[in-house]
Amino acid sequence: PTLLETFSSRAQTATHPLTAYLLRLMDLKASNLCLSADVSTARELLQLADKVGPSIVVLKTHHDVVSGWDFHPHTGTGARLAQLARKHGFLIFEDRKFGDIGHTVQMQYVGGSARIIDWAHIVNVNMVPGKAAVTALAEAEAKWRERYQYEVKTSVTVGTPRSDTFDEQPEESGWWNTDEEGQNREGVGRKGSIVSVTTLTQHYESATSPRFPRDETKGEDCLYAGIDEPPIERGLLILAQMSSAGNFMNREYTQACVEAAREHRRFVMGFVSQESLNSEPDDHFIHMTPGCQLPPEGEEENGTVAGDGLGQRYNTPQKLIGLCGTDIVIVGRGILKAGDPQSEAERYRTTAWKAYLSRVTK
Ligand code: BMP
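- For the protein chain, the name recorded in an unreviewed UniProt entry is Orotidine 5'-phosphate decarboxylase, with Sodiomyces alkalinus as its organism.
- In the Pathway (unreviewed entry) part of its UniProt record, the protein chain is described as follows: "Pyrimidine metabolism; UMP biosynthesis via de novo pathway; UMP from orotate: step 2/2."
- Per UniProt, the comment on the protein chain under Sequence similarities (unreviewed entry) is "Belongs to the OMP decarboxylase family."

Brief notes about the side chain of S273
Next, step 1: If you trace the backbone, S273 turns up in the loop between β8 (268-272) and β9 (286-289).
Next, step 2: If we skip the residues at most four places from it in the chain, S273 touches Q241, H287, M288, T289, P290 and T326.

Digging into the environment of L3
Next, step 1: Looking at the element boundaries, L3 is found in the segment before α1 (7-13).
Next, step 2: Overall, the relative accessible area of 36% leaves L3 in the partly exposed class.
Next, step 3: Taking the C-alpha atoms as reference, L3 lies 32 Å from L84; in sequence the two are 81 residues apart.
Next, step 4: With sequence-adjacent residues up to four places away left out, L3 is seen in contact with S276, G325, R359 and V360.

Details of the confidence of the model for the protein chain
Next, step 1: Per-residue pLDDT for the protein chain has a mean of 83; in total, 78% of the residues score no lower than 70.
Next, step 2: In this model, residues 153-223 is a region of pLDDT below 50 whose contacts with residues beyond four sequence positions or in other chains number 147 contacts.
Next, step 3: Predicted as a complex, the structure gets a pTM of 0.85 and an ipTM equal to 1.00.

Observations concerning helix α5 (residues 102-110)
Next, step 1: Within the sequence span of α5, burial applies to G102, V105, Q106 and Y109. Buried residues of α5, viewed axially, fall in a sector of 105°; they line one side. Along α5, the residues that are exposed and aim more than 90 degrees away from the buried face are H103 and M107.

Notes on the site of the ligand
Next, step 1: The environment of the ligand is formed by 14 residues, the closest being D38, S243, Q312, Y314 and R333.
Next, step 2: Here K60 contributes a side-chain N or O atom positioned 2.8 Å from an oxygen atom of the ligand.
Next, step 3: Between an oxygen atom of the ligand and a side-chain N or O atom of K97, the distance comes to 2.8 Å.
Next, step 4: Isolated, the ligand exposes 480 Å² of accessible area, and the fraction of that covered by the protein chains is 89%.
Next, step 5: Its residues assigned to classes, the shell around the ligand comprises 4 nonpolar, 5 polar and 5 charged.

What about the pattern of salt bridges?
Next, step 1: Tallied over the full model, the rule gives 17 salt bridges.
Next, step 2: A salt bridge links K97 to D95; the shortest N-O distance between them is 2.9 Å.
Next, step 3: Accessibility expressed as a relative area gives 26% for K97, which makes it partly exposed.
Next, step 4: For D95, a relative accessible area of 8% gives the class buried.

Focus on the UniProt feature "active site" (unreviewed entry) in the protein chain
Next, step 1: In the numbering adopted here, UniProt assigns the feature "active site" (unreviewed entry) to D95, K97 and D100.
Next, step 2: Take D95: it is sitting in strand β3 (residues 91-98).
Next, step 3: If we skip the residues at most four places from it in the chain, D95 touches K60, T61, H62 and N124.
Next, step 4: Take D100: it is sitting in the loop between β3 and α5.

What to know about the sheet that holds β8
Next, step 1: One closed barrel accounts for 8 strands, arranged β1-β2-β3-β4-β7-β8-β9-β12; its pairing is parallel. Geometrically, the sheet is characterised by an average inter-axis angle of 25° between neighbouring strands, direction not taken into account.
Next, step 2: Two strands pair when backbone bridges link them, and strand β1 (residues 33-36) and strand β12 (residues 328-331) are joined in this way by 3 bridges, in the parallel orientation. If you follow C34 over to β12, its bridge partner there is I330.
Next, step 3: Relative to the sheet, helix α2 (residues 17-29) contacts β2 (58-61), β3, β4 (122-125), β7 (235-239), β8, β9 and β12, its axis offset from that of β9 by approximately 65°.

With respect to the pairing of β3
Next, step 1: For β3, the buried fraction is high: 6 of the 8 residues fall into the buried class.
Next, step 2: Note: β2 against β3, 4 bridges, orientation parallel. Along β3, the bridge assignment pairs V58 with L91.
Next, step 3: The pairing of β3 with β4 spans 3 bridges and is parallel. Considered in β4, the bridge of E94 is made with V123.

Thresholds, definitions, all that
Residues numbered from 1 in each chain as written. Predicted model: local features only at pLDDT ≥ 70, side-chain atom pairs only at ≥ 80, totals over all residues. Heavy atoms only, no water. UniProt positions renumbered as here; feature names shortened; annotations may be inferred. Helix = DSSP H or I, 4+ residues; strand = E, 2+ residues; numbered from the N terminus. Contact = heavy atoms within 4.5 Å. Buried < 20%, exposed > 50% of the residue type's maximum accessible area, 1.4 Å probe, protein only. pLDDT = per-residue confidence, 0-100. Arc of directions from axis to C-beta. Near = heavy atom within 4 Å. Polar contact = N/O pair within 3.5 Å; in protein donor to acceptor, adjacent residues only side chain to side chain. Areas by Shrake-Rupley, 256 points an atom, 1.4 Å probe, with all protein chains shown as cover. Nonpolar A, V, L, I, M, F, W, Y, C, P; charged D, E, K, R; others polar. Salt bridge = Lys/Arg side-chain N within 4 Å of Asp/Glu carboxyl O. Pairing = 2+ DSSP bridges. Axes fitted to C-alpha atoms, helices over the stretch in contact; angles between N-to-C directions.

So this is what it looks like as structure tokens:
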């Protein structure tokens, strides 16, 4: 698309279903703001997401900087964030910057304590190890989705469930394989018990797992009833350019990122970059841009704001959205350090949205 095309029109042509969803959401909420929720405790993170949720379309996390992160797959921090995402209408982007060989990044994406794929709609990759990391993540996502669909659809009954709510699950409960006619299935229940897949699905639903979302978007506590649940497809952003001074991502590297994205259009939503990288007619990528701040209220804007003394460089939403043609600004400390983060987020939302409007009506 050209820089003049509106988000709602791009939603019609986007290749990735999650990108199409996000563009519709942006149009609906009049927001192209992503909050980089870099706070140090899980409590702060959840409070912040609930407060700022109405102003944003994406919430970016670094789950590994958060202390007290609860890893429970259904009631933990990821699941609760996913619940807030449905309530306010935003997507969760775990800024994990996967950067290893294919096999390792697959394990990091779907496994471990964090099980990032279960709660993060979007993740990103640092493509330094090569394009295989992208292929590997795409493969892991496809497998995960297949299993998700299988778990939702299958209904076989073997044995009885132990408990109706996850909160009542005893210490020893967790994830293990249930065995029905020799088949291995992931299950939840008392160790050694056999639980039906149907029952599991009901369990998940009652526990508002991000993998089996309850249809809360249609509930009364949802502010954005005009939009349905996001599609189950997960999305990847390729880190193609960085905001930091002296980074090693040169033109050639950025171009290799664009090529990798084109090879995986059904999985790669777009880029974390400092400018628009769409150049061919088939490029329908979305661009999210960190290194964004506004000058203090009342001060004149000239496109840049002083850095943080640790290599970070800042440009204004007007410059990034209006001139460089990116779509979503990612703002952390600009909002977090304000006396009132909620109203500061609104200031960023309106400024970034104005920059978008003036771009498309030029
Ligand atoms: P802040 O707005 O407070 O400078 O935060 C920027 C956020 O974006 C951080 O979470 C950082 O990890 C991330 N980021 C960045 O600053 N530059 C990049 O090029 C890529 C990033 O992910």
